[in-house]
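Here is what each chain is made of, one letter per residue.
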Amino acid sequence: MRLHHLAVVVADLPRAEAFYAGLLGLPVSRRGDDAHGLPRSVWVTLDDGSFLALERAGRPDPRRDDEAPGLHCLALGVARDERAAWQARLAAAGHPTVRETDYTFYVRDPDGNLVGLSHYPDARR
């Protein structure tokens, strides 16, 4: 099997799109509306053909605690030599590194979800 898609519930759809499509550069492949014609989802495509579905929340603050059961983080692959540039770009946009390992650094998306940028198995120099 392979990952088909992952859905992330977000409080503010345009704000999430600005992060995932704008800042991270993931291409928008589809937009969906609800039964009233209001924006409900934005799909962004990953390099392997899978996609991330950004889904509008049904309540204003859909946050979960990092220690709660559920998906822990979304980790995206980057080249090891691009790590510093990605960290600087994200920090300049208000998403500083919250933790890191020799393979991955983590930031928070606008809804507080943990997003890792990883170059495993190539360790940081």
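I will try to describe carefully the structure that is included in this document. Values in this document were obtained by computation on a predicted structure and should not be read as measured data.

**Remarks on the environment of Asp33**
Mapped onto the secondary structure, Asp33 falls in strand E2 (residues 28-33). On the basis of relative accessibility, which here comes to 48%, the residue Asp33 falls in the partly exposed class. Residues Asp33 and Arg56 lie 23 residues apart in sequence; the distance between their C-alpha atoms is 10.0 Å. Each residue touching Asp33, except ones within four places of it in the same chain, is listed here: Leu38, Pro39 and Arg40.

**Re the packing of aromatic side chains**
By the definition in use, this model includes 3 aromatic pairs. Their ring planes at 20° and their centres at 4.1 Å tell us that Trp43 and Phe51 sit as a pair that is stacked. Note on Phe51: relative accessible area 11%, which makes it buried. Measuring from centroid to centroid gives 5.0 Å for Tyr103 and Tyr120, while their planes differ by 65°, and the two rings are edge-to-face.

**Let's talk about the side chain of Glu17**
Tracing the backbone shows Glu17 in helix H1 (residues 13-23). By relative accessible area, which is 19% here, Glu17 ends up buried. Glu17 has contacts with Gly22, Val28, Arg31, Val42 and Leu54, leaving out every residue within four places of it along the chain.

**What to know about the pattern of salt bridges**
Two side chains that carry opposite charge are able to pair once their charged atoms sit near each other. Applying the stated criterion across every chain yields a total of 7 salt bridges. Between Asp111 and Arg15 there is a salt bridge whose closest N-O contact spans 2.9 Å. Linking Asp111 in the loop between strand E7 (104-108) and strand E8 (114-118) with Arg15 in helix H1, this pair joins segments that are 96 residues apart in sequence. Accessibility expressed as a relative area gives 6% for Asp111, which makes it buried. With a shortest N-O distance of 2.7 Å, Arg124 and Glu100 are connected by a salt bridge. Placement of the pair is Arg124 in the segment after E8 and Glu100 in strand E6 (residues 99-100), with a sequence separation of 24 residues.

**Here we look at the sheet that holds E8**
Taken in spatial order, the 4 strands of this open sheet run E5-E8-E7-E6, and their pairing is mixed. Each edge of the open sheet carries a strand with a single partner, namely strand E5 (74-77) and E6. In terms of strand pairing, E5 meets E8 through 4 bridges, oriented parallel. Pairing of Leu76 across the sheet is with Leu117, part of E8. Where helix H2 (residues 83-92) meets the sheet, its contacts fall on E6, E7 and E8, and the angle it forms with E7 comes to roughly 10°.

**Re unusual backbone geometry**
Here the bond from Tyr120 into Pro121 is cis, since omega is 15°, no more than 30 degrees from zero. Among the secondary structure elements, Pro121 is positioned in the segment after E8.

Basis of the calculations
Residues numbered from 1 in each chain as written. Predicted model: local features only at pLDDT ≥ 70, side-chain atom pairs only at ≥ 80, totals over all residues. Heavy atoms only, no water. Helix = DSSP H or I, 4+ residues; strand = E, 2+ residues; numbered from the N terminus. Buried < 20%, exposed > 50% of the residue type's maximum accessible area, 1.4 Å probe, protein only. Contact = heavy atoms within 4.5 Å. Phe/Tyr/Trp six-rings, centres within 6.5 Å; stacked < 30°, edge-to-face > 60°. Salt bridge = Lys/Arg side-chain N within 4 Å of Asp/Glu carboxyl O. Pairing = 2+ DSSP bridges. Axes fitted to C-alpha atoms, helices over the stretch in contact; angles between N-to-C directions.

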